[in-house]
Amino acid sequence: MNLLPTITTIDVQEQAPRVAVLPIGSYEQHGAHLPLITDTAIACVIARELADAYPVLALPPITIACSHEHGTWPGTVSISARTLHAVISDISASLEASGVRKLVLVNAHGGNYVLSNIVQEANLTEPRMSLFPQGREWNRAREHAGLSSNAHDDMHAGEIETSILLHSEPALVRPGYEEADHDASDRPFLLTLGMKEYTKSGVIGFPSQATAEKGKAVLASLTASFADHLTALGEA
């Protein structure tokens, strides 16, 4: 498993990147079959794919973010939205000081709602920041990969997350995902009552439908979709 970038300062100097990609995940429960680092691992995998396909600088991840909907589940750790905002602002300023003025936030945790506000604020005077993948890109990737579930029903530790890790980091997937499905499509008060109101296992989704082949196709679709973000930032 090699989720962290291992480039040197000379590598960056020679590449002279104009855009950096920052993986943002979480440290939260993902049922019994996926690790607490699932979202971080997926964000890193996506960033790794993007750095292989485009002239972007892949950064190490933010590994703890806003997982408050998981409450007191054993192992889950959160920081506030204010803290996440401050950390990203500091990273963006540091990158700019070294000549990298454009930043893409590669987010793999749905609870990091504040990222949309951070991006809006950063782009007040010119395009400087983007958020990836967005809902349309996740949906396109699901369709391209032939996933059986949709994004709403397959919310957490389900078909798409398990598929990505089965392809890219299979050692992270523990046995039992084949019997771990849990349907909680009706969850109107998730923000108020949290995950525990709607699942006892921690899973909301259908990991039994996951395959490595689907995970490979999801990543291929996301990688292709990223080109639009470079265009929006004026870096096509």
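A. Local environment of a negative patch on the surface. A cluster of acidic side chains, namely E178, E179, D181 and D183, defines a negative patch on the protein surface. Summarising the element assignment, E178 is placed in the loop between α6 (159-168) and α7 (190-193). The class for E178 is partly exposed, based on a relative accessible area of 40%.

B. Examining the packing of helix α2 (residues 38-53) against helix α8 (residues 212-232) more closely. α8 packs onto α2 with a crossing angle of 55 degrees between their chain directions and a minimal axis gap of 10 Å. Taken together, the axis directions place α2 and α8 in an arrangement best described as oblique. Crossing handedness for the pair α2 and α8: right-handed. Of the residues in α8, those in contact with V45, I46, E49, L50 and A53 of α2 are L219, L222, T223 and F226. When its residues are assigned to classes, the contact of α2 with α8 shows seven nonpolar, one polar and one charged.

C. A look at the nonpolar core. By size, the foremost hydrophobic cluster in this structure holds 40 residues, and its most contacted members are V21, I46, L50, V104, V218 and F226. Looking at this core, the element that brings in the most residues is α2, giving eight residues. Contact partners of V218, with chain neighbours within four places excluded, come to W138, A141, A145, L147, I160 and I164. L22, L57, C66 and V100 belong to the second largest nonpolar core, which has 20 residues in total.

D. Examining the pairing of strand β3 (residues 102-107) more closely. Among the six residues of β3, six are classified as buried, and the element is accordingly described as predominantly covered. Side chains of β3 alternate between two faces, with K102, V104 and V106 and L103, L105 and N107 buried alike. Bridge analysis of strand β1 (residues 19-24) against β3 gives six bridges, and the strand direction is parallel. Looking across to β3, one finds that I24 is bridged to N107. Where β3 and strand β4 (residues 129-132) come together, four bridges link them in parallel fashion. Across the sheet, residue V104 finds its bridge partner in β4, namely S130. The handedness of the β3 to β4 crossover, carried by helix α4 (residues 114-122), is right-handed.

E. Here's a closer look at the pattern of salt bridges. Under the counting rule described, the total for this entry stands at nine salt bridges. Of the charged contacts, one joins E235 and K102 as a salt bridge, the two residues approaching to 3.2 Å between their closest N and O atoms. On the criterion of sequence distance, the pair formed by E235 in the segment after α8 and K102 in strand β3 is long-range, its members being 133 residues apart. Of the two residues, E235 and K102, both sit in the buried class. For the salt bridge of E137 with R136, the shortest nitrogen-to-oxygen distance reads 3.5 Å. On the basis of relative accessible area, E137 is assigned to the buried category, the value being 1%. Overlapping salt bridges, with partners in common, bring together E96, R101, E126 and R128 in one network.

F. Main features of α4. Of all the positions in α4, only V114, L115, I118 and V119 are classed as buried. Taken around the axis of α4, the buried residues stretch over an arc of 140 degrees, which confines them to a single face. If you follow the buried residues of α4, they end up packed against β1, α3 (81-97), β3 and β4.

G. How the structure looks around the sheet that holds β4. Spatially, the four strands line up as an open sheet ordered β2-β1-β3-β4, and their pairing is parallel. This sheet does not close on itself; its edge strands, each paired only once, are β2 (57-58) and β4. Two elements, β1 and β2, share two bridges in a ladder whose sense is parallel. In the strand pairing of β2, A20 is matched with L57.

H. The arrangement of α8 in detail. Compared with the 30 Å implied by 1.5 Å per residue over 21 residues, the 31 Å span of α8 between its first and last C-alpha is a close match. Three or more residues of α8 are buried, namely K214, G215, A217, V218, L219, S221, L222, T223, S225, F226, H229 and L230. For α8, the elements touching its buried residues are β1, α2, β3, β4, α5 (135-145) and α6.

Analysis parameters
Residues numbered from 1 in each chain as written. Predicted model: local features only at pLDDT ≥ 70, side-chain atom pairs only at ≥ 80, totals over all residues. Heavy atoms only, no water. Patch = residues over 30% accessible without salt bridge, like charges linked within 9 Å, V, L, I, M, F, W, Y side chains within 5 Å. Areas by Shrake-Rupley, 256 points an atom, 1.4 Å probe, with all protein chains shown as cover. Salt bridge = Lys/Arg side-chain N within 4 Å of Asp/Glu carboxyl O. Lys, Arg positive; Asp, Glu negative; His and termini not counted. Charge placed at Lys NZ, Arg CZ, Asp CG, Glu CD. Helix = DSSP H or I, 4+ residues; strand = E, 2+ residues; numbered from the N terminus. Buried < 20%, exposed > 50% of the residue type's maximum accessible area, 1.4 Å probe, protein only. Axes fitted to C-alpha atoms, helices over the stretch in contact; angles between N-to-C directions. Parallel < 35°, antiparallel > 145°, perpendicular 65-115°, else oblique. Left-handed = near helix turned anticlockwise from the far one by under 90°. Contact = heavy atoms within 4.5 Å. Nonpolar A, V, L, I, M, F, W, Y, C, P; charged D, E, K, R; others polar. Core = buried A, V, L, I, M, F, W, Y, C linked by side-chain atoms within 4.5 Å. Pairing = 2+ DSSP bridges. Right-handed = clockwise from strand over helix to strand, strands pointing away. Arc of directions from axis to C-beta. Expected span 1.5 Å × (residues − 1).

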